Amino acid sequence: MFTGIITAIGTIREVRPLGDGHDMRLTIATPWNAAEIALGASISCNGCCLTVIERDADWFAVEVSAESIAKTAIGSWAAGTRINLERALKLGDELGGHIVSGHVDGTGVLIARTEENGSWRLLFEAPRELARFIAPKGSITVNGVSLTVNEVDGVRFGVNIIPHTAVVTTLGALGVQDIVHLEIDMLARYVARLTEFS
């Protein structure tokens, strides 16, 4: 479990195909002391929970299955790609964002980006099957970042990011038509499921 509060930006150092090219191994450079990360630990990589299989002082490695590659934008990552990182919650950690599972529900696309009173207004388009879970003033995770939804219009939703968020995450570098990972609010998912049986 995660909170959507990014603690570092990592950089893809190496991408190595596995299993006849269907799976892949990623080596990710990080500013953390990666040697302290336990093997088998979960790390949110742009919102996708991945398992550490090897590490050294300034990098860790993960393997990604064909299923994860098919459901995310990970297949487009290459050496030099910058990604948001968050280590898994420990008991007693501050819950600064919202409860995030690290299971990407789908991908969205940035439709517009406008400056607004010193912050940035980002407008995204979500897949139709996810749009019903996105509500004004609800939470959503975009590339692993916990954000509050400002407005919803059909399959489109808007968020604001403050300058701090733009600097300490990769959201500040997003361009129009960039693909992002989306994870809907866990509470919204279960409420929707319950209403199916009422």
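Note that residues are indexed from 1 along each chain, following the sequence as it is written. Per-residue local features are limited, in this predicted model, to residues with pLDDT of at least 70; the limit for side-chain atom pairs, both in listing and counting, is 80 or more; totals at the level of whole chains, interfaces and linings are taken over all residues. Side-chain metrics in this entry use all non-hydrogen atoms of the structure; hydrogen atoms and water are not considered.

Structural notes on the overall build of the protein
A run of H or I in DSSP becomes a helix once it reaches four residues, and a run of E becomes a strand once it reaches two; helices and strands are each numbered from the N terminus. The secondary structure content of the protein amounts to 4 helices and 13 strands. This radius of gyration counts C-alpha atoms alone. The globule rule is 2.2 Å times how many residues there are, raised to the power 0.38. Rg of the C-alpha trace for the protein: 17 Å, near the compact-globule value of 16 Å for 198 residues, within the 12% margin. With respect to the principal axes defined by its C-alpha atoms, the protein has extents near 45 × 45 × 40 Å. Expressed as a percentage of its 198 residues, the buried residues of the protein come to 43%. Only heavy atoms enter the contact rule, under which two residues are in contact if any of them lie within 4.5 Å. Within the protein, contacts between residues at least 6 apart in sequence are counted, and of these 69% link residues at least 24 apart. The accessible surface values rely on the Shrake-Rupley method and a 1.4 Å probe; as for residues, cover is taken only from the protein chains in view. Carbon and sulfur atoms make up 53% of the accessible area of the protein, which totals about 10,000 Å². Only four residue types enter the tally: Lys and Arg on the positive side, Asp and Glu on the negative side, with His and both chain ends excluded. Each charge is placed at NZ for Lys, CZ for Arg, CG for Asp and CD for Glu. When the 16 positive and 23 negative side-chain charges of the protein are each reduced to one mean point, those points stand 1 Å apart. The classification of residues rests on relative accessible area computed with a 1.4 Å probe and restricted to protein chains. Under 20% of the type maximum is buried, over 50% is exposed, and intermediate values are partly exposed.

Here we look at the environment of Cys 48
Residue placement: Cys 48 occurs in strand β4 (residues 48–56). Residues Cys 48 and Ala 188 lie 140 residues apart in sequence; the distance between their C-alpha atoms is 19 Å. In this structure Cys 48 touches Ile 43, Thr 72, Ile 74, Gly 102 and Val 104, once residues within four positions along its chain are discounted.

Quick look at the sheet that holds β4
Two strands are counted as paired when DSSP detects at least two bridges linking them. The sheet built from 6 strands closes into a barrel, its strands ordered β1-β2-β5-β4-β3-β6 with antiparallel pairing. Averaged over all pairs of adjacent strands, the angle between strand axes in this sheet comes to 45°, irrespective of strand direction. With 4 bridges connecting them, strand β3 (residues 42–45) and β4 associate as antiparallel partners. Considered in β4, the bridge of Ile 43 is made with Leu 50. The angle between two axes is taken between their N-to-C directions and runs from 0 to 180 degrees, where each axis is a line fitted to C-alpha atoms and a helix contributes only its stretch in contact.

Quick notes on the sheet that holds strand β8 (residues 119–125)
Strand order in the open sheet made by the 7 strands is β10-β9-β13-β7-β8-β12-β11, with antiparallel pairing throughout. In the strand order of this sheet, the two ends are held by β10 (145–148) and β11 (151–153), each with one partner. With strand direction ignored, the average angle separating the axes of adjacent strands in the sheet is 35°. Of the pairings in the sheet, the one linking strand β7 (residues 106–116) to strand β13 (residues 179–184) comprises 4 bridges and is antiparallel in character. What sits directly across from Gly 106, in β13, is Leu 182.

Considerations on the pattern of salt bridges
Where side chains of opposite charge bring their charged atoms close, a pairing between them can arise. Counted as salt bridges are all cases of a side-chain nitrogen of Lys or Arg within 4 Å of a carboxyl oxygen of Asp or Glu. Taken as a whole, this structure holds 6 salt bridges when the rule is applied. Close ionic contact of Arg 25 with Glu 54 constitutes a salt bridge, the shortest N to O distance being 2.5 Å. Separated by 29 residues along the polypeptide, Arg 25 in strand β2 (residues 23–29) and Glu 54 in strand β4 bring together distant segments of the chain. Linked by salt bridges that have partners in common, Glu 116, Arg 121 and Glu 151 make up one network.

None of the figures reported here should be taken as evidence of function without further support.
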